[in-house]
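Each chain, written out:
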Amino acid sequence: MKREEIVIPAADIARQRDFQEKIKAMFAARQAHPAACVETFGCQQNVADGQRLMGMLEACGFTFTEEAREADLVLLNTCAIREHAEQRVFGNLGILTHSKRENPEQVIVLCGCMAQEERVARRVRESYRHVDLVFGPQALWRFPELLWQVYETKKRVFSVADEHGGIAEGLPVVRERGVKAWVSVMYGCNNFCSYCIVPYVRGRERSRDPRAVMEEVRQLVEAGYKDITLLGQNVNSYGNDLEGGFHFPELLEEIDRIPGDYWIRFMSSHPKDATPRLFDVMANCPHVAKQLHLPFQSGNNRVLGEMNRRYTREKYLELIRYARSVMPELVLTSDVIIGFPGETEAEAMDTVSLVEEVGFDALFTFLYSPRPGTRAAELPDPASREDKQRWFDRLLEVQNGHSARIHAGYVGKTVRVLADGESGDEAFPLSSRTEGNRLVRLKGDKELIGRFLDVRITGSNTWALYGEPV
Ligand code: SAH
Ligand code: SF4
Ligand code: F3S
């Protein structure tokens, strides 16, 4: 598709603002003060979407509540990545029948990745009749219009057509207070890893204009955000759809020039597109955190092939070697799937051995979950649940031992951290993050939140470090 067909015209976005005004006026005429309860599931991308949805709700006159029962509108921004994620949402939807019975005027909205699945939309249409509005990620920018339709027609509204997906600039946003912010640099995914639902629900890859991204980061830095994460399903494909050879490393370099005291992070990277140039840029840019989330999924080349990942174990190890050669302090994390259809014990142990060989600072480990509509869901899957669980436990044991050892290595050292909130731990009441995004619980006063500090690490376990300001 042509770029001009992907970027949503400013006039169409402006029209959404008219719907926001209409909804606001409708509540004002009733002298109502509507409250919305918004719950987001899934990845940071979805969290970023949730903040836009809240921005649009705020513009419609809503305030926010944590209590679904008290809310005039309940919105579930869903995730489809594993079966468990979907079950949780159906569970929540079931519970909402009660609040709807108590308050028949309550509007229930289902959006996000699950809503884009035909199977889910059909099930909601037939069996969850209390849901008023259903739309997928591609229709997110039209939320005010869809919501207006619900209020005006009093009918259920579904907007779940399979779309390429656009780019909407200038949507309102409600961010978390504090120091962390998310910035999407691109949307969608073209990779079709055989196990993954994301390309089906998030449409095709499309990159935001670099000027829009830079402007957003600049505003965030000026507003005091200090830990900014650039988001995309595969940020290494950033710019493939832009003219002029402007790719992710160039974007990082440009952002790094923005003056201020802040860290820039990014996720996720795909090993097939990660290059030495990316690592050189990371090493040379002072604002870019020396932290890399590089999912490898499996340590076995046959399984990687079946997953359609398009790199090998050897290529992955080579990338890590290079990255560490230019950034010796690099903090490295990854995602892994155990129990892909047809995976044998020996193949799963190749994954364990890769984890031992690399020594990740932390790992996000998943048991394979079949996603209807993906290629892997059609493959024979002979291994038993018990066997897969055993392999999974073995992997966790290796990684937990490793995380504990790496963390123990920090004890006695002084590191720079950003205090980002309260920890809930009485003895170490502050929570903070290192440049590598390791969690450090701190002694100290609330006043320190939002500041960069030098701290001495005094203790550690598998999941966190403990310290005090020097
Ligand atoms: N775009 C990101 C990943 C997004 S999904 C990337 O490619 O790195 C986050 C993680 O969920 C994936 O890295 C993968 O490890 C896991 N995942 C995706 N589909 C899955 C499935 N069907 N079953 C189990 N884990 C899955
Ligand atoms: Fe899914 Fe692969 Fe795309 Fe990541 S790169 S979102 S795992 S298809
Ligand atoms: Fe889930 Fe959609 Fe993210 S499926 S992991 S919320 S892209």
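Thresholds applied
Residues numbered from 1 in each chain as written. Chains lettered and ligands numbered in written order. Predicted model: local features only at pLDDT ≥ 70, side-chain atom pairs only at ≥ 80, totals over all residues. Heavy atoms only, no water. Helix = DSSP H or I, 4+ residues; strand = E, 2+ residues; numbered from the N terminus. Buried < 20%, exposed > 50% of the residue type's maximum accessible area, 1.4 Å probe, protein only. Contact = heavy atoms within 4.5 Å. Arc of directions from axis to C-beta. Core = buried A, V, L, I, M, F, W, Y, C linked by side-chain atoms within 4.5 Å. Near = heavy atom within 4 Å. Nonpolar A, V, L, I, M, F, W, Y, C, P; charged D, E, K, R; others polar. Domains from an automatic or database assignment. 1 Å grid on protein atoms, 1.4 Å probe; cavity = no way out; pocket = protein on both sides within 12 Å on 5 of 7 lines; lining within 4 Å. Points joined across faces, edges and corners; volume = space filled by probe spheres on them. Axes fitted to C-alpha atoms, helices over the stretch in contact; angles between N-to-C directions. Parallel < 35°, antiparallel > 145°, perpendicular 65-115°, else oblique.

Undergrad: I'd love a proper account of the overall build of the protein chain, names of residues and values included.
TA: Per the secondary structure count, the protein chain includes 14 helices and 19 strands. Dimensions of the protein chain, computed from C-alpha atoms along their principal axes, come out at roughly 60 × 55 × 50 Å. With 470 residues in all, the protein chain has 54% of them scored as buried. Taking all contacts inside the protein chain whose residues are at least 6 apart in sequence as the whole, residues at least 24 apart take part in 75%.

Undergrad: Tell me about helix 9 (residues 248-256), residues and numbers included.
TA: It helps to recall that an α-helix has 3.6 residues per turn; residues three or four apart then point in one direction. For helix 9, the complete set of buried residues consists of Phe248, Pro249, Leu251, Leu252, Ile255 and Asp256. Seen from one end, helix 9 has its buried residues packed into an arc of 160°, which puts them on one side. Those residues of helix 9 that are buried are in contact with helix 8 (210-222), strand 10 (227-231), strand 11 (263-267) and helix 10 (276-284).

Undergrad: Describe the nonpolar core, naming the residues involved and giving the relevant values.
TA: In this structure, Val217, Leu230, Leu252, Phe266 and Met282 are the most contacted members of the largest nonpolar core, which totals 57 residues. Among all residues touching Phe266, those that are not within four sequence positions of it are Thr229, Leu230, Val235, Phe248, Leu252, Leu278, Met282, Val288 and Leu292. Counting residues in each nonpolar core, the second largest holds 31 residues, with Met26, Leu75, Cys111 and Trp141 among its members.

Undergrad: Give me the environment of Met349: which residues, what numbers.
TA: Checked against the element boundaries, Met349 lands in helix 13 (residues 345-358). The exposure class of Met349 is partly exposed, given its relative accessible area of 26%. In this structure, the C-alpha to C-alpha distance between Met349 and Val157, residues 192 residues apart in sequence, is 48 Å. The residues contacting Met349, other than those within four sequence positions of it, are Trp391 and Arg394.

Undergrad: Can you explain the site of ligand 3? Please cite residues and give values.
TA: In the neighbourhood of ligand 3, the contacting residues comprise Cys43, Asn46, Cys79, Ala80, Ile81, Cys113, Val198, Arg202 and Gln233. Of the residues contributing to the shell around ligand 3, the split by class is six nonpolar, two polar and one charged. Of the residues that make up the shell around ligand 3, three or more belong to each of domain 1 (3-159) and domain 2 (180-402).

Undergrad: Describe the layout of surface pockets, naming the residues involved and giving the relevant values.
TA: In this model, the second largest pocket occupies a volume close to 530 Å³. In terms of lining, the second largest pocket is formed by 30 residues, of which the most central are Arg52, Ala168, Leu171, Tyr187 and Arg208. For the lining of the second largest pocket, the element with the highest residue contribution is helix 8, accounting for five residues. Broken down by class, the residue content of the lining of the second largest pocket amounts to 14 nonpolar, seven polar and nine charged. For the lining of the second largest pocket, the two domains that each supply at least three residues are domain 1 (3-159) and domain 2 (180-402).

Undergrad: Talk me through the packing of helix 9 against helix 10; I want residue IDs and the actual numbers.
TA: In the contact formed by helix 9 and helix 10, the axes pass within 9 Å of each other and the chain directions differ by 10°. As far as their axial angle goes, helix 10 and helix 9 are roughly parallel. Only Arg277, Leu278, Val281 and Met282 of helix 10 make contact with helix 9, whose side of the interface consists of Phe248, Pro249, Glu250, Leu252 and Glu253. Looking at the contact of helix 9 with helix 10, its residues break down into six nonpolar, no polar and three charged.

Undergrad: Explain the site of ligand 2 to me, and be specific about the residues and the numbers.
TA: Every residue near ligand 2 is listed here: Cys189, Asn191, Phe192, Cys193, Tyr195, Cys196, Val198, Pro199, Gln233, His270 and Arg309. Its residues placed into classes, the shell around ligand 2 shows seven nonpolar, three polar and one charged.

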